[in-house]
Amino acid sequence: MSAAAVEELLARLYTDAVLREKFLYDAERTIADLTLTDNERRAMLEMDRAGLAMAADSYAAKRGQHRSAKAPRWRTIMTRLLRKPE
């Protein structure tokens, strides 16, 4: 597996709660079908799980802040677009 593929897996673990829960419950089974080198597999299995969960929570909070900051503007735009002409 290339470094890019490992990074993609990590990104999915940070952003996909279902995959992360599966990984935290049974990491070996979760990554069994992936094409990983022995070193990559060992690194994934030895990953700091508390750190993974904390990082995922932090990223989710940041995404939530960005969404809520943009939501009022989008709501205003959609309201104007959907308003019936007088």
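Scroll up to find the structure this text is about.
Please read these numbers as outputs of a predicted model, since none were measured by experiment.

Draft legend 1. A look at the packing of aromatic side chains. Following the criterion strictly, the structure yields 1 aromatic pair and no others. Where tyrosine 14 meets tyrosine 59, the ring centres are 5.1 Å apart and the plane angle is 75°; that geometry is what we call edge-to-face. Residue tyrosine 14 is found in helix H1 (residues 3-15), and its partner tyrosine 59 is found in helix H5 (residues 49-82); the two are separated by 45 residues along the sequence. Positioned above the aromatic ring of phenylalanine 23, the side-chain terminus of arginine 49 is 5.5 Å from the ring centre.

Draft legend 2. Representation of H1. An ideal rise of 1.5 Å per residue puts 18 Å on 13 residues; H1 measures up with 18 Å between its terminal C-alpha atoms. Those residues of H1 lying buried are Ala5, Val6, Leu9 and Leu13. The arc that holds every buried residue of H1, seen down its axis, measures 100°, which confines them to one face. Relative to its buried face, H1 has exposed residues pointing more than 90 degrees away, namely Ala3, Ala4, Glu7 and Glu8.

Criteria and thresholds
Residues numbered from 1 in each chain as written. Predicted model: local features only at pLDDT ≥ 70, side-chain atom pairs only at ≥ 80, totals over all residues. Heavy atoms only, no water. Phe/Tyr/Trp six-rings, centres within 6.5 Å; stacked < 30°, edge-to-face > 60°. Helix = DSSP H or I, 4+ residues; strand = E, 2+ residues; numbered from the N terminus. Lys NZ or Arg CZ within 6 Å of the ring centre and 35° of its normal. Expected span 1.5 Å × (residues − 1). Buried < 20%, exposed > 50% of the residue type's maximum accessible area, 1.4 Å probe, protein only. Arc of directions from axis to C-beta.

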